[in-house]
Amino acid sequence: MPSDSSYVDRGFAPPLTPSSSDLAPAAASRTWDADLETRLPGLLRVIDWVAIALLGLTMDGLFAAQSGESLTHALAVVLGATATVNFMHLAHAYSMHSIGRLPVQLTKIAVTWSGAFLGVMMIGVAVEHAHEFWGRWATVWFVSALLLLAAMRCVVVCRLRRWRTEGRTIRNIAVLGTGEEAFALAQRLSDGADKAHVVG
């Protein structure tokens, strides 16, 4: 194999071989893009639960800290956050097809969070602790959590649209065949809500 000095003597630049450190960022980016459909729904579940729980505990600390009922409120907050995430899962709000559609996401958030919140209130009524959940802290918790969930979905949808524009979430699909049905299928895949790059 010729040395670098022999290339210089003949007036040629030595061939450049990319190092492993140069290839590592690109490989990591491809891995993240490939796992996006798995990682994003799971990440949203965690963020939703933590956001609802933290807001509830914060509102309880600000408005109901002197009432001596913090333990009951904390249990209600955890139950409300868990119920909301489960309801959204049942409503398929964490599927990639649903995540990319903002009106659908906002509707599901409003319905599931309202249902979970009312469920917690009804449990309070059933165990004769309703008076603990009709204070200002619960109202502020409900409104602030609803607004925060909606704001987070707006950010996620905007980010997802940017990724799709960059081609990071577009799937490469090969359609076998040259007939009219094959062309029609390729067109539907390209024009669908979940964009796909037809490679053949």
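Remember, it's a predicted structure, so these values are computed and weren't measured experimentally.

Rules used in this analysis
Each chain has its residues counted from 1, running along the sequence as written. Note on the predicted model: pLDDT of at least 70 is required for a residue's local features to be given, and 80 or more for side-chain atom pairs to be given and counted; whole-chain, interface and lining totals, by contrast, use all residues. Excluding hydrogens and water, the side-chain figures rest on all heavy atoms present in the structure. To qualify as a helix, a DSSP run of H or I must reach at least 4 residues; to qualify as a strand, a run of E must reach at least 2; elements of each kind are numbered from the N terminus. Note on classification: 1.4 Å probe, protein chains only; a residue is buried when its accessible area is under 20% of the maximum for its type, exposed when over 50%, partly exposed between these limits. Axis definition: a line fitted to C-alpha atoms, limited for helices to the stretch in contact. Angles are taken between N-to-C directions and run from 0 to 180 degrees. In these notes the angle categories are as follows: under 35 degrees is roughly parallel, over 145 is roughly antiparallel, 65 to 115 is roughly perpendicular, and the rest is oblique. With the far helix as reference, a near helix turned anticlockwise by less than a right angle produces a left-handed crossing, and one turned clockwise produces a right-handed crossing. Note on contacts: a residue pair is in contact if any heavy atoms of the two residues lie within 4.5 Å. Lys, Arg, Asp and Glu make up the charged group, whereas Ala, Val, Leu, Ile, Met, Phe, Trp, Tyr, Cys and Pro make up the nonpolar group; the residues left over, Gly among them, are polar. Between the first and last residue of a helix there are one fewer steps than residues, each counted as 1.5 Å, and that sum is the expected span.

## Section: unusual backbone geometry
With phi around 60 degrees, His92 is a residue other than glycine that occupies positive phi space. Note on placement: His92 falls in the loop between helix H4 (70-90) and helix H5 (96-99). Residue classification places His92 among the exposed positions, given a relative accessible area of 55%.

## Brief notes about the packing of helix H6 (residues 102-126) against helix H7 (residues 136-165)
The contact between H6 and H7 brings their axes to 10 Å, and the two run at 155 degrees. With respect to each other, H6 and H7 are oriented roughly antiparallel. The two elements H6 and H7 cross, and the hand of that crossing is right-handed. Residues Leu102, Gln105, Leu106, Ile109, Ala110, Trp113, Ser114 and Phe117 of H6 form the contact with H7, whose participating residues are Ala138, Trp141, Phe142, Ala145, Leu146, Leu149, Ala150, Arg153, Cys154 and Val157. Among the residues forming the contact of H6 with H7, the class breakdown is 15 nonpolar, 2 polar and 1 charged.

## Notes on H7
Over its 30 residues, H7 runs 44 Å from end to end, which matches the ideal 44 Å to within 8%, given 1.5 Å per residue. All of the buried residues in H7 are Trp137, Ala138, Trp141, Ala145, Leu149, Met152, Arg153, Val156, Val157, Leu160 and Trp163.

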